[in-house]
Amino acid sequence: MTAALRSDQPPFIPDVLVTTSTAAAREPSRYEAHEVVLAVEIVSPSTRSIDRVLKPALYAQAGIPFYWRIEVEDDGLVVHTYKIDAVDEVYLETGRWTRFVDTGEPFPVNLSIGRITPRRR
């Protein structure tokens, strides 16, 4: 699925995209930015700067409320969670999770990171 950010920007394809229930019921092949609740990117060596800098900046400018970034580090996976500061159009970090993700936003999540298996290179 792609997410249209603005008409002057190309659509992005997040690794995970969570939309409103109304948008999901339409079953579109493309979602508008106001329909996206959460965009998740899984960082790989070839996309590191895009996933850490470019995509979050564009997602925030588009008004997507939540952004998560998953990184593979020496000790395992790390999930970084962010919530938008709509006034400044930037994301503020809400958590750095190494053992489990336990957050109430954008919806209740309690997930053991050990249950997520990164692809081996």
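Residues numbered from 1 in each chain as written. Predicted model: local features only at pLDDT ≥ 70, side-chain atom pairs only at ≥ 80, totals over all residues. Heavy atoms only, no water.

1. Overview of the sheet that holds strand β6 (residues 76–85)
By way of backbone hydrogen bonds, the strands of a sheet pair with one another, either parallel or antiparallel. The following threshold applies: At least two DSSP bridges between two strands are needed for those strands to be called paired. Starting at the N terminus, helices and strands are each numbered in turn, a helix being any DSSP run of H or I of at least four residues and a strand any DSSP run of E of at least two. The angle between two axes is taken between their N-to-C directions and runs from 0 to 180 degrees, where each axis is a line fitted to C-alpha atoms and a helix contributes only its stretch in contact.
Spatially, five strands are ordered β2-β4-β5-β6-β7 in an open sheet, and the strand pairing comes out mixed. On the outer flanks of this sheet lie β2 (16–19) and β7 (90–97), each paired with one strand and no other. Neighbour-to-neighbour, the strand axes of this sheet turn through a mean angle of 20°, independent of strand direction. Summarising the sheet, β2 and strand β4 (residues 36–42) pair through four bridges and their orientation is antiparallel.

2. Considering the environment of P106
Put simply, the rule reads: Burial classes follow relative accessibility: with a 1.4 Å probe on protein chains only, a residue under 20% of its type's maximum area counts as buried, one over 50% as exposed, and anything between as partly exposed. Note on definitions: a residue-residue contact is assigned when non-hydrogen atoms from the two residues lie within 4.5 Å.
You can see P106 is positioned in the loop between β8 (100–103) and β9 (109–112). Since its relative accessible area comes to 25%, P106 is described here as partly exposed. Note: C-alpha distance between P106 and L38 (68 residues apart in sequence) is 7.4 Å. Once you skip the residues sitting within four places of it in the chain, P106 turns out to touch V37, L38, F66 and W68.

3. Quick word on the pattern of salt bridges
Between side chains of opposite charge, a pair can form when the charged atoms approach closely. Spelled out, the test is: Any carboxyl oxygen of Asp or Glu that lies within 4 Å of a side-chain nitrogen of Lys or Arg is treated as forming a salt bridge with it.
A complete count under the given rule lists six salt bridges for this structure. Salt-bridge contacts for K55 lead to E41; the nearest nitrogen and oxygen are separated by 3.3 Å. Placement of K55 in helix α2 (residues 48–62) and of E41 in strand β4 is noted, with a sequence separation of 14 residues between them. You'll find K55 and E41 in the same group, each marked buried. Between E71 and R69 there is a salt bridge, with its nearest N and O atoms 2.5 Å apart. Since its relative accessible area comes to 6%, E71 is described here as buried. Classification of R69 as buried rests on a relative accessible area of 10%. Linked by salt bridges that have partners in common, R52, R69 and E71 make up one network.

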